[in-house]
Amino acid sequence: CGDGLSKLGRHEPAIRHFTAIVKDGKSDPVFPPTLLRLGDSLSVLQRWALSEQTFSTYIEKFPDSEQTYQANFGRGWAVENQGRYDDAMKSYGEVIAKHQGPTAARAQFQIGQCLFAQKKFDDAVRELLKVDILYAYPEWSAAALYEAGRCFEKLGKPQEAKSNFRQV
């Protein structure tokens, strides 16, 4: 029920269903994926501290799960949205170390965004360009090239910025 409600964008009632399973069903086989879905719904509602706590619980209880990368990304997103960029980059690094799919590409992109937020534009460019070089996901490559162009603008390098914008 919670899963269906979240897919319909009704995250508040979904959270109630997810929470009931999390509180009562620690031995239930749906407990691990429910933690992930609860963290996602809390994130959609921008309840960053609770989302962080939920994903951290998943990471603690299921460190060897194939889905731990999702919890690391969710934790990173929650922490980033609380302005704790170094901590977020650490979580995103965990995703990249254990996963090679689109979530890893997005995690690499988010590292660049964290550095941009910290006004570390040279470092941000380097991390953003890795998205295009290391991953074959056009939507993340385009976003990363665009953001690298914005970094070049901030660095006073208009030719490099134009080059990146043309690539997009």
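This report concerns the structure included in the present document. No experiment lies behind these values; they were computed from the predicted model shown.

Rules and cut-offs
Residues numbered from 1 in each chain as written. Predicted model: local features only at pLDDT ≥ 70, side-chain atom pairs only at ≥ 80, totals over all residues. Heavy atoms only, no water. Core = buried A, V, L, I, M, F, W, Y, C linked by side-chain atoms within 4.5 Å. Buried < 20%, exposed > 50% of the residue type's maximum accessible area, 1.4 Å probe, protein only. Helix = DSSP H or I, 4+ residues; strand = E, 2+ residues; numbered from the N terminus. Contact = heavy atoms within 4.5 Å. Salt bridge = Lys/Arg side-chain N within 4 Å of Asp/Glu carboxyl O.

Side note on the nonpolar core
Here's step 1: In this structure, Y92, A107, F109, I111, A124, L128 and C151 are the most contacted members of the largest nonpolar core, which totals 28 residues.
Here's step 2: Broken down by element, the residue count for this core peaks at eight residues, all from helix α7 (residues 102–117).
Here's step 3: With 13 residues, the next largest nonpolar core counts F18, V22, L42 and A71 among its residues.

A short note on the environment of S51
Here's step 1: Following the sequence through the fold, S51 ends up in helix α4 (residues 48–61).
Here's step 2: Considering only alpha carbons, one finds S51 and L35, 16 residues apart in sequence, at a separation of 9.7 Å.
Here's step 3: Apart from residues no more than four positions distant in its own chain, S51 is found in contact with G39, L42, S43 and A78.

Some words on the pattern of salt bridges
Here's step 1: Counted according to the given criterion, the structure contains 11 salt bridges.
Here's step 2: A salt bridge links K98 to E94; its shortest N-O distance comes to 3.5 Å. On the criterion of helical spacing, the pair formed by K98 and E94 is a turn pair, its members being four residues apart in helix α6 (residues 85–98).
Here's step 3: You can call E94 partly exposed: its relative accessible area is 32%.
Here's step 4: Across the pair K130 and E127 runs a salt bridge whose closest N-O atoms are separated by 3.2 Å. You can see K130 and its partner E127 sitting in helix α8 (residues 121–134), three residues apart, about one turn around the helix.
Here's step 5: Among the residues examined, E127 registers a relative accessible area of 13% and is labelled buried.
Here's step 6: Salt bridges sharing common partners tie together E52, R75, R84 and D87.

That is the geometry; function is a separate question.
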